[in-house]
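Spelled out from the first residue to the last, the chains are:
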Amino acid sequence: MTATTSLPTAADVAAAAERIAPYARRTPVLSTRVDGRPLSLKLEHLQITGAFKLRGALNAMLAAGAPERVVTASGGNHGLGVAAAARMLGAEALVYVPETVPEAKARRLEASGAELVRTGAHYAEAAEAARARAGAEGLRYLHAYDDPDVVAGQGTIGHEIAVDAPECDSVAVAVGGAGLVAGVRLGAAGLRVTGVEPEGCRSLHAALAAGEPVDTPVDSVASSALGAARVGDVPFAVLGAHPVGTALVTDAEITAARDRLWEEFRIAAEPAAAVPFAAWLADRLPGEHTCLVVCGANASWTPEG
Ligand SMILES: Cc1ncc(COP(=O)(O)O)c(C=O)c1O
């Protein structure tokens, strides 16, 4: 974040909601009970591309006057969002992914029409190469989370929850670079927001402990989506002004929650999308009625029979 970067506000989230409405799906909220407790699920895995990242990509591209060519780096879902947004807006997308990108995401990226470049072992290395390319060719670099327009776009999920799920008093989302949690905090006025992280990918916990974004190790079953080594400066500054609660879950809890989402609801979530449910099952979230954001389903899934 430069000294001149302005932080997104609740009004920016409301503007983003109007801007992206013609392109993105308003995903439904399922209100239900699990183990006798009320629970709502924001079914964002039903978003175009199978993940919420389309929202931030659309908002950033529309706010920039729909550039002809954009470049980005992604663990997969943001790349899919940028590729889809580019297609909708008649632009070209160049997507850098780490070599470790899961096949389910790489296959969909290749089919999206984006130019795909695989480089580096982790997101941070892919991002460095993408930024260098953007600099060399004078292209708009669309950051996956450290961008006010991307944060505002992700915040439209919180806005929809506040309007569509008045029965809820709290919201929980998974955290990677913290764009989603910061945006939802701005968009979901009046609701308690919790950012949940895997124990092995705790960029937000580390930043809050250090008082600033710091590099952290990345090692979790949810790394492909939540593997940002440090939270973004923009989301961290938003969270400084608008604090959220935090929770940690283990990989075993994430896997069990993912399996339970399938058994209970037939939701084929990717591990990151089960992270909030894992925290809810472990009773680590505040509130009487929580809305969990089921944020992505770009996993391999093969019906057995
Ligand atoms: C499915 C899913 N959930 C959560 C996140 C975390 O979002 P953020 O990086 O904005 O914290 C990501 C990021 O790629 C994701 O793909």
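The paragraphs below set out a description of the structure included in this document. (Residues numbered from 1 in each chain as written. Predicted model: local features only at pLDDT ≥ 70, side-chain atom pairs only at ≥ 80, totals over all residues. Heavy atoms only, no water.)

**Examining the site of the ligand**
Stage number 1. Close to the ligand lie 16 residues; Asn77, Gly176, Gly177, Ala178 and Leu180 are nearest.
Stage number 2. The separation between an oxygen atom of the ligand and a polar main-chain atom of Gly177 is 2.8 Å.
Stage number 3. In isolation the ligand offers 390 Å² of accessible surface; the protein chains occlude 96% of this area.
Stage number 4. For the shell around the ligand, the secondary structure elements donating two or more residues are helix H7 (179-187) and helix H9 (223-226).
Stage number 5. Partitioning the shell around the ligand into residue classes produces nine nonpolar, five polar and two charged. (Near = heavy atom within 4 Å. Polar contact = N/O pair within 3.5 Å; in protein donor to acceptor, adjacent residues only side chain to side chain. Areas by Shrake-Rupley, 256 points an atom, 1.4 Å probe, with all protein chains shown as cover. Helix = DSSP H or I, 4+ residues; strand = E, 2+ residues; numbered from the N terminus. Nonpolar A, V, L, I, M, F, W, Y, C, P; charged D, E, K, R; others polar.)

**Looking at unusual backbone geometry**
Leave glycine aside and you will find that most residues have negative phi; peptide bonds, for their part, are mostly trans.
Stage number 1. Here the phi dihedral of Ala66 falls at roughly 50°; this positive angle occurs in a residue that is not glycine.
Stage number 2. With respect to the helices and strands, Ala66 occurs in the loop between helix H2 (53-63) and strand S3 (69-73).
Stage number 3. Phi is positive for Arg266, which is not a glycine, with a value near 60°.
Stage number 4. Relative to the helices and strands, Arg266 is located in the loop between helix H11 (251-265) and helix H12 (271-281).

**Thoughts on the pairing of strand S7 (residues 170-174)**
Stage number 1. Burial analysis of S7 places five of its five residues in the buried class, the great majority of the element.
Stage number 2. Strand direction decides the pairing type here: S7 and strand S10 (residues 290-293), joined by three bridges, are parallel. Within S10, the residue paired with Ala172 across the bridge is Leu292. (Buried < 20%, exposed > 50% of the residue type's maximum accessible area, 1.4 Å probe, protein only. Pairing = 2+ DSSP bridges.)

**Focus on the environment of Asp219**
Stage number 1. By secondary structure assignment, the location of Asp219 is in the loop between helix H8 (203-210) and H9.
Stage number 2. As for Asp219 and Met61, which are separated by 158 residues in sequence, their C-alpha atoms are 32 Å apart.
Stage number 3. Here Asp219 is in contact with Gly200, Cys201 and Asp251, once residues within four sequence places are set aside. (Contact = heavy atoms within 4.5 Å.)

**Some points on the packing of aromatic side chains**
Stage number 1. Taken as a whole, this structure holds two aromatic pairs when the rule is applied.
Stage number 2. Ring geometry for Tyr123 versus Tyr145: centroids 6.1 Å apart, planes at 40°, classification tilted. Taken together, the residues Tyr123 in helix H5 (residues 123-137) and Tyr145 in the loop between strand S6 (140-141) and helix H6 (148-164) connect sequence positions 22 residues apart. Just as Tyr123 is buried, Tyr145 falls in that class too.
Stage number 3. With centroids separated by 6.1 Å and ring planes inclined at 15°, the aromatic side chains of Phe277 and Trp280 adopt a geometry described as stacked. One end of the pair is Phe277 and the other is Trp280, both in helix H12 and three residues apart, which spans about a single turn. Each member of the pair Phe277 and Trp280 is classed as buried.
Stage number 4. One Lys or Arg, Arg37, reaches over the ring of Trp280 and ends 3.8 Å from the middle of that ring. (Phe/Tyr/Trp six-rings, centres within 6.5 Å; stacked < 30°, edge-to-face > 60°. Lys NZ or Arg CZ within 6 Å of the ring centre and 35° of its normal.)

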